[in-house]
There are 2 protein chains.
Amino acid sequence: MAKPPTVYDVATRAEVSIATVSRVFSSPDTVREATKARVLAAVHELGYVASGNARGLATRRTGVLGLFFPGLDAMDELRGRTDFLMHDVAAATDRDDGGRDTDAPSEPDSVSTPLPRATVIRDIPARTDTRALNLYLDEVLRGSELEAWLSGRVLLVGVGRGVTSGQTVLEMAGRVDGLIVLAGSATEEDLAQLARRIPIVVMAGPPRGDDFDHVSVSNEEGMGALTGHLLDDLGVTDIVYLAGSVESPDDHERWTGFRRALRERGITPPDEPWRRSDFTREGGRAAGRVLLAADRLPRAIVCANDQMALGVIDAARIAGVDVPGELIVTGFDGIDAGGLSTPRLTTVSQPMEALGRAAVQVLVRRLEDPERASMSVRLPVEVLLRESSEPA
Amino acid sequence: MAKPPTVYDVATRAEVSIATVSRVFSSPDTVREATKARVLAAVHELGYVASGNARGLATRRTGVLGLFFPGLDAMDELRGRTDFLMHDVAAATDRDDGGRDTDAPSEPDSVSTPLPRATVIRDIPARTDTRALNLYLDEVLRGSELEAWLSGRVLLVGVGRGVTSGQTVLEMAGRVDGLIVLAGSATEEDLAQLARRIPIVVMAGPPRGDDFDHVSVSNEEGMGALTGHLLDDLGVTDIVYLAGSVESPDDHERWTGFRRALRERGITPPDEPWRRSDFTREGGRAAGRVLLAADRLPRAIVCANDQMALGVIDAARIAGVDVPGELIVTGFDGIDAGGLSTPRLTTVSQPMEALGRAAVQVLVRRLEDPERASMSVRLPVEVLLRESSEPA
DNA sequence: CTGAAAGCGCTAACAC
DNA sequence: GTGTTAGCGCTTTCAG
């Protein structure tokens, strides 16, 4: 990588001043055609690409929006630095229908044991679980990216993992015009610090004071509506509630919605969830086993998210308990797997992509008008009635 | 947003020079404890966050890696700028178990028709199709982000859509230390220009000359192995091939692998795929209908990706044709839906997350040693034999 | 329409 | 240890 060409190089080559080069990009019509052409030619020949840093420094804006998530990967395996078969291209030239299986490149610059190129495996049905939250974030991310693009910006995504989390978010803050932060992924202290430099939008979790702009979904209303359906339409009152981890900002709201639904119908809700698990399918399975081992089954189990609900269904299947005949199971989130399971899972579907889009919209508005009062968006949810609750 | 504090502000407040402030962050142990403490205090009080731009300008490195994808969203709906219910937080203060359904906030700063907070819907089984490629990219993205984090960097993601695509990628290039580009998402011309400024890693597609570093999966070998299985183990020779869109760099390799497998067994492969579709499930369904309407069924149909294969299975189900009894169907990619379908889909599973990780690893290596010969990584794939090809 | 020059906020020698 | 002082590459008045 030779030193990248700068405005100066272009200016010299085009025999103009750097100011003119700059103008060609920022206000093309203030430059004479002939001059512009010369500059553009130079740009082309030199392969000039403007430095975002320099531009950002001068402009005080970057055109970048940040999205910061908590890292919920399996931190254990994380460091498993899979090292890949890597070789110099120069050494391996055979291409197209030519000699295949010339496996090892002549000059293995850094080769671990040569990996097989393709393995045949008889795949037994298995469950993919791990990616629970990721799937949620994927959609949010997709929505954010789209909306960012619509506003002519790009997204800087960062995930906070462990102790470096605070550092990451601060670093991001230094390079973006505004930042979207998933509730709980950064400390209040860090947030406060960031907020002095750039606009922050908090996503999910309970509404904030008027510190930050806020975007979330109607967790409480959704769970309330679902519970109401069980109560009113199915006439079920014998319900237990499986909660997720306490740290989750959403968990509390769902639980609240559940209780409210009961209370509004004159039923005294329990003070505590029947049980608390960890939002994973495995956790749901475990909870399911406990439930099924008891003397008496409740008529329904309402779970704080889909993964756990699917786990409960797994457990029921294994125990030979019919869902929804003997036990009604419901989830929350609306992940794809819930629509593909047998029986399909009744759930509350969150508009995750919309959430991502809304967050960016709010952020962009804030950028455009720093003075306006802090905003809050609460997106509606849909209760999806499917076979895990609806006796055929 | 008051003007963000700078090193100068911090320096003044801590009664030191800006160099010292800088040192506190870059080489903390060269600063006396007492001084450091003063600086840190000032940082805290002021809410100082270093400007990434300024730092990047001075350092000539940003700690940001770019990931550039082609945008394959349904461009039609794209502009559907869903505007969300948005109101000033100041106006809506009720919280917690208090009065719910106070629906409209008192001062609706910008309210479209108030949206319902939760709707109950009887959900009929339907197919989600659209997100085919996205799911692929999600995993790649996840892998990249993880690996970026492991290397202490953060990811800038950009999607090229339509005509602004070239602009986007150039803008990104100006703000990152290196860029990963999905094959086909940028023009060769743009790539060449970028390459003069920063290292580029091309992902997927055929190996490149020694221009750029390259990362991909063994498309050809995978399809070859799968076809070989049909040929050798199942004794099936009456096979048609459903290809995807020609623009896809991977499509060609898979087709090549298919042909090679035939040829290696003394069978003359067809010159052209039986048919070409668009990688979507709907496209697969259409192709399936054509196939099933013919006088005679082949014993097997090999599809260039999972989505189309699932579409073919859909068509077969509708036509009452048994898979795999009457027709064997295979896919490629290993998307989740293929493992959840009935019958489950035999496919070639790509290590998508690993692909993302590998790309970042390669990029980081390149950053560390700009001089080394260009690298190429080819990741192995797995053929997953499932019920769509294996008669019970 | 174009050029000169002053920053933007930070790092990195180089002095002290 | 800490301060001084050049830049880093670009935008943006302000003249001309």
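Below or above, wherever it landed, is the structure these notes cover. (Residues numbered from 1 in each chain as written. Chains lettered and ligands numbered in written order. Predicted model: local features only at pLDDT ≥ 70, side-chain atom pairs only at ≥ 80, totals over all residues. Heavy atoms only, no water.)

1. Let's talk about the pairing of strand E8 (residues 239-243) of chain A
Residue and element names in this part refer to chain A. Condition: Each residue is placed in one exposure class: buried if its accessible area under a 1.4 Å probe, protein chains only, is under 20% of its type's maximum, exposed if it is over 50%, and partly exposed if it falls in between. Strands are runs of DSSP state E lasting at least two residues, helices are runs of H or I lasting at least four, and both sets are numbered from the N terminus onward. Two strands qualify as a pair provided DSSP detects at least 2 bridges between them. Here, the term right-handed applies to a crossover whose path from the first strand over the helix to the second runs clockwise when the strands point away from the viewer.
Across the 5 residues of E8, 5 count as buried, placing the element largely inside the fold. A two-sided burial pattern is seen for E8, the buried positions comprising Ile239, Tyr241 and Ala243 on one face and Val240 and Leu242 on the other. With 4 bridges joining them, E8 and strand E10 (residues 300-303) adopt parallel strand pairing. Counted as the bridge partner of Leu242 is Cys303 from E10. Sheet topology places E8 next to strand E9 (residues 275-276); 2 bridges connect them, and they run parallel. Within E9, the position partnered with Ala243 by the bridge is Arg276. In terms of handedness, the path from E8 via helix H10 (residues 249-264) over to E9 forms a crossover that is right-handed.

2. A look at the protein's contact with DNA strand D
Quick note on the threshold: Residue proximity to a molecule or strand is established when one non-hydrogen atom of the residue lies within 4 Å of it. In the analysis that follows, any N or O atom pair within 3.5 Å is treated as a polar contact, provided that within protein one partner can donate a hydrogen and the other can accept it, and provided that, for residues neighboring in sequence, both atoms belong to side chains. The nonpolar class holds Ala, Val, Leu, Ile, Met, Phe, Trp, Tyr, Cys and Pro. Asp, Glu, Lys and Arg form the charged class, and all remaining residues, Gly among them, are polar.
Lining the immediate surroundings of DNA strand D are 26 residues, of which Val7(A), Ser22(A), Tyr48(A), Arg23(B) and Thr35(B) lie closest. Backbone atoms, meaning sugar plus phosphate, form 60% of the atoms of DNA strand D positioned within 4 Å of the protein. Ser22(A) has a polar side-chain atom sitting 2.6 Å from a phosphate oxygen of DNA strand D. Between Ala54(A) and DNA strand D, the recorded distance is 3.3 Å, taken from a backbone N or O atom to a base nitrogen. When residues of the surface near DNA strand D are traced back to their parent elements, those giving at least two are helix H1 (7-14), helix H2 (18-26) and helix H4 (52-59) of chain A together with helix H2 (18-26) and helix H4 (52-59) of chain B. Of the residues assigned to the surface near DNA strand D, the class counts are 13 nonpolar, 8 polar and 5 charged.

3. Digging into the sheet that holds strand E14 (residues 381-385) of chain A
As a reminder, the rule being used: In this description, a line fitted to the C-alpha atoms serves as the axis of each element, helices being fitted only across the stretch in contact, and the angle between N-to-C directions of two axes falls anywhere from 0 to 180 degrees.
Taking strand neighbours across the sheet as the criterion, the 3 strands line up as E12(A)-E14(A)-E3(B) in an open arrangement whose pairing is mixed. Of all strands in the sheet, those bounded by a partner on one side alone are strand E12 (347-349) of chain A together with strand E3 (118-122) of chain B. On average, each strand axis in the sheet is inclined to that of its neighbour by 30°, with strand direction left out of account. In this sheet, E3(B) lies alongside E14(A) in parallel orientation, the contact comprising 5 bridges. Residue pairing in the sheet places Val381(A) in a bridge with Ala118(B) of E3(B).

4. Here we look at the pattern of salt bridges
In a structure, side chains of opposite charge can pair up when their charged atoms sit close to one another. This is how the line gets drawn: The term salt bridge refers to a side-chain nitrogen of Lys or Arg lying within 4 Å of a carboxyl oxygen of Asp or Glu.
Applying the stated criterion across every chain, the model contains 42 salt bridges over all chains. Among the ionic pairs, Arg378(A) bridges to Glu253(A), the shortest N-O distance being 2.6 Å. Of this pair, Arg378(A) sits in strand E13 (residues 375-379) while Glu253(A) is found in helix H10, placing the two residues 125 residues apart along the sequence. Of the two residues, Arg378(A) and Glu253(A), both sit in the buried class. The partner of Arg260(B) in a salt bridge is Glu220(B), with the nearest N and O atoms 2.3 Å apart. Of this pair, Arg260(B) sits in helix H10 (residues 249-264) while Glu220(B) sits in helix H9 (residues 219-233), and the two are 40 residues apart along the sequence. Per residue, the accessibility class of Arg260(B) equals that of Glu220(B), and both read buried. It is possible to trace a salt-bridge network through shared partners that takes in Arg281(A), Glu282(A), Arg285(A), Arg289(A), Asp314(A) and Arg317(A).

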